[in-house]
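Okay, here's what each chain looks like letter by letter:
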Amino acid sequence: MNEIICPNCKKAFKVDEAGFADILKQVRDHQFEEELQTRLTLAENEKQSAIKLAEANLRNELQQELAKKDTELNALKAENSTQLATKLAEKELEISNMKSQVKNAETEKKLGISEAIKQIEKERDSLANELKIKETEKQLIETSIKEQFANKLVVKDETIKMKDDEIARLKDFKQKLSTKMVGETLEIHCETEFNKLRATAFPTAYFEKDNDSKGGSKGDYIYKETDDSGNEIISIMFEMKNENDETASKKRNEDFFAKLDKDRKEKNCEYAVLVSLLESENEFYNTGIVDVSHKFGKMYVIRPQFFITVITLLRNAALNSMKYKAELSLIRNQNIDITNFEDNINTFKEGFARNYDLASRKFKTAIDEIDKTITHLQKTKDALLSSKNNLRLANNKAEDLTIKKLTYGNPTMRAKFDELQDKIR
C-alpha cells in the first residue's frame, strides 16, 4: 500500500499498487499532452518564421534577377535598334531593285503578249480558213450521201415491189397446187438440199424414196450410211408433211407420229424424223429441232431449214457412238487378254513356287556343305597362320645368329674360325 497526501486538504490516504499506478499514469499522460502541445506550438512558430524568411529571400533574389534582365533588355534594345536600321536600309534597297525588275518584266510581258496575240490571231485565221474548207467538204459529203441514200431507197423500193410481186405470185401458185403437189414440192426441196452436199459430205450415204409397201405403209425417204467396212453407221426414216393454206381441215404434227414410228420399225431404221410445215404458228415446233422421243422413241420434228442439220447431228452422234463401241470392244478384248495374262502369271507363280522349293532345299544342302568347307578351311588357315608365326620367329632367330655368338664359350670352334680367317688373309 502507498500513502498519498492531497495537496489541497493536506490529508493522507492510502491506495494499493494498481490504483497508484493508474494515478501515476494519468499524471504522466497529462504532462505528456501539455509538453507535446507546447512543442507543437513552438514548431509551428518556427515553421512560420522560416516561411517568412524564405519568402523574403526569394523576393530579394527575384528583384535582383528582374533588375539584371531589365539591364540586358535595355542593352538588347539598343543593339537591335542599330541592326534594325541597317536591315531596313538593306530592305529598302532590295525593294527598289525589285521595283526596277518588275517594271522591266512588265515591259517584256507586254511585248510577249503582243507577239502571242499576233501568233494566236494568225492561227485563228488559219483555223477559220480550215473550218470553211471542212464545212464545204461536209456539205459535199452530205450531198453525196443523200444522193446515194436516195438511189438506195429507190433500189430498195423496187426490190420490195419485186418481193411483193414474187410473194403474190408464190401465193397464187401455192393456192393452185393440190395437196399432193404441195407435199411433193417439200420432198423435192429436201432431196435437192441433200444432193448439193452428197458428193462432199455424204459420199457413202444412201438417200432414196421408200418404195417398199409390204407392211401396208411406207415413209417418204430413207437415209442410211455405212463405213468403209460396210458396217451401218446410221439409218433415218423421213416423212415430209406440208399443208396448203386454203385447206379446210388443218392437220397437226402429232397426227403422223404413230405411222412414222411404225414405218421406222418395219424398215429397221434407227431414227425417225418428221420434216413438217404444219402448225406454222406453233412456237414449240418453230424453235428448231424438237425431240419428241418422250412419245415415240428416237423421233424428231424439224422445219425444212434444219434438214441437213439434223442429219449431221445424228450422224456425228452415231460416229461417236461407234468410236465408243470400238473402244469398249477394245477394252473388253484387253480385259480378256488381262485375264489370260493373269492366268499365265498364276501358272508361272505355281511352277516357280515348286521349282523354288526344290531349289531352296538343294541350296540349303549346298550352304551346309559350304559352311562345313569354310570351317575346315578356317582350321587350315589358322594352322597356316600359326606355321607362319613360327617361321617368322625362326627367321628372326636366323637373322640374329652371328659367328661371334656361335663361338662364344666354345674355344674349339673359335680356334677353327680363327684358323679359317687366317687362311683367307
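In this text the structure is predicted, and so the values were computed from the model without any measurement. (Residues numbered from 1 in each chain as written. Predicted model: local features only at pLDDT ≥ 70, side-chain atom pairs only at ≥ 80, totals over all residues. Heavy atoms only, no water.)

Quick word on the overall build of the chain
Each helix and strand counted, the chain has seven helices and eight strands in total. Looking at the chain as a whole, 15% of its 425 residues are labelled buried. Of the contacts formed within the chain by residues at least 6 apart in sequence, a portion of 53% connects residues at least 24 apart. Surface summary for the chain: the accessible area is close to 33800 Å², and the carbon and sulfur share equals 57%. (Helix = DSSP H or I, 4+ residues; strand = E, 2+ residues; numbered from the N terminus. Buried < 20%, exposed > 50% of the residue type's maximum accessible area, 1.4 Å probe, protein only. Contact = heavy atoms within 4.5 Å. Areas by Shrake-Rupley, 256 points an atom, 1.4 Å probe, with all protein chains shown as cover.)

A closer look at the nonpolar core
Nonpolar side chains in soluble globular proteins tend to be buried together. Counting 24 residues, the largest nonpolar core has Tyr-223, Phe-238, Met-240, Val-273 and Phe-307 as its most contacted members. Sorting the residues of this core by element identifies helix 2 (179-201), strand 3 (205-209), strand 4 (221-226), strand 5 (232-241), strand 6 (271-276), strand 8 (299-302) and helix 5 (307-400) as the ones contributing at least two each. The element best represented in this core is helix 5, accounting for six residues. Those residues in contact with Phe-238 that lie beyond four places of it in its chain are Phe-207, Gly-219, Asp-220, Tyr-221, Tyr-223, Leu-260, Val-273, Val-275, Phe-307, Val-310 and Ile-311. By size, the runner-up hydrophobic cluster in this structure holds twelve residues, among which are Leu-260, Ala-272, Leu-274 and Val-290. (Core = buried A, V, L, I, M, F, W, Y, C linked by side-chain atoms within 4.5 Å.)

Digging into the side chain of Asp-261
Take Asp-261: it is sitting in helix 3 (residues 257-266). For Asp-261, the contacting residues outside a window of four places in its chain are Phe-296, Gly-297 and Met-299.

Brief notes about the side chain of Ser-276
Summarising the element assignment, Ser-276 is placed in strand 6. Given a relative accessible area of 0%, Ser-276 falls into the buried group. Looking at Ser-276, its side chain comes within polar contact range of the side chain of Asn-253, at 2.4 Å. Discounting chain neighbours no more than four positions away, the residues touching Ser-276 are Lys-241, Asn-253, Val-301, Ile-302, Arg-303 and Pro-304. (Polar contact = N/O pair within 3.5 Å; in protein donor to acceptor, adjacent residues only side chain to side chain.)

Notes on the pairing of strand 6
For strand 6, the buried fraction is high: six of the six residues fall into the buried class. Going residue by residue along strand 6, you find Tyr-271, Val-273 and Val-275 tucked away on one face and Ala-272, Leu-274 and Ser-276 tucked away on the opposite face as well. Pairing of strand 5 with strand 6 involves six bridges; the strand directions are parallel. Its bridge partner being in strand 6, Met-240 is matched across the sheet by Val-275. (Pairing = 2+ DSSP bridges.)

So, the sheet that holds strand 6
In spatial order, the strands read 3-4-5-6-8-7; together these six strands make up an open sheet with mixed pairing. Each having just a single partner strand, strand 3 and strand 7 (290-291) make up the two edges of the open sheet. Helix 3 contacts strand 5, strand 6 and strand 8 of the sheet and is inclined by roughly 150° relative to strand 5. (Axes fitted to C-alpha atoms, helices over the stretch in contact; angles between N-to-C directions.)

Regarding helix 3
Side chains that are three or four residues apart share a direction in an α-helix, a result of its 3.6 residues per turn. Phe-257, Leu-260, Asp-261, Asp-263 and Arg-264 are the residues of helix 3 that are buried. Taken around the axis of helix 3, the buried residues stretch over an arc of 160°, which confines them to a single face. Looking at the buried positions of helix 3, the neighbouring elements they touch are strand 5, strand 6, helix 4 (283-286) and strand 8. Taken from the residues just after helix 3, Asn-268 is the one with a positive phi, measuring 55°. (Arc of directions from axis to C-beta.)

With respect to the confidence of the model for the chain
Per-residue confidence for the chain gives a mean pLDDT of 76, with 72% of residues at or over 70. Of all secondary-structure elements in the chain, the lowest mean pLDDT belongs to helix 6 (residues 403-407), at 59, while strand 8 reaches the highest, 95. Below a pLDDT of 50 lies the segment residues 174-183, which in the model reaches twelve contacts outside its immediate sequence neighbourhood of four places, other chains included. (pLDDT = per-residue confidence, 0-100.)

Overview of the pattern of salt bridges
Side chains carrying opposite charge are able to pair once their charged atoms draw close together. Per the stated rule, a full pass over the model turns up 13 salt bridges. Between Lys-259 and Glu-239 there is a salt bridge, with its nearest N and O atoms 3.9 Å apart. Of the two residues, Lys-259 sits in helix 3 while Glu-239 sits in strand 5, which places them 20 residues apart along the sequence. You can call Lys-259 partly exposed: its relative accessible area is 33%. With a relative accessible area of 4%, Glu-239 lands in the buried category. The salt bridge partner of Glu-254 is Lys-295, with a shortest N-O separation of 2.5 Å. (Salt bridge = Lys/Arg side-chain N within 4 Å of Asp/Glu carboxyl O.)

Brief notes about the packing of aromatic side chains
Scanning the entire structure with this criterion turns up eleven aromatic pairs. Centroid distance Phe-194 to Phe-202: 5.1 Å. Interplanar angle 20°. Geometry classified as stacked. What makes Phe-194 buried here is its relative accessible area of 0%. When its relative accessible area of 1% is taken as the criterion, Phe-202 is described as buried. Through a chain of ring-to-ring contacts, three or more aromatic side chains come together here, namely Phe-194, Phe-202, Phe-207, Tyr-221, Tyr-223, Phe-238 and Phe-307. When the ring centre of Tyr-271 is taken as origin, the NZ or CZ atom of Lys-298, which lies over that ring, is 5.4 Å away. (Phe/Tyr/Trp six-rings, centres within 6.5 Å; stacked < 30°, edge-to-face > 60°. Lys NZ or Arg CZ within 6 Å of the ring centre and 35° of its normal.)

Quick word on the pairing of strand 8
Covered by surrounding structure in strand 8 are Met-299 and Val-301 together with Tyr-300 and Ile-302, the residues of both alternating faces. In this structure, strand 6 lies alongside strand 8, joined through four bridges in parallel fashion. Across the sheet, the residue bridging to Val-275 is Ile-302, located in strand 8. Sheet topology note: the strand 7/strand 8 ladder contains two bridges and is antiparallel. Note that in strand 8 the partner of Asp-291 across the bridge is Tyr-300.

Brief notes about a nonpolar patch on the surface
Nonpolar side chains collect at one region of the surface, where Phe-32, Leu-36 and Leu-40 lie side by side and expose about 290 Å² of accessible area between them. Inspection of the secondary structure puts Phe-32 in helix 1 (residues 17-176). (Patch = residues over 30% accessible without salt bridge, like charges linked within 9 Å, V, L, I, M, F, W, Y side chains within 5 Å.)

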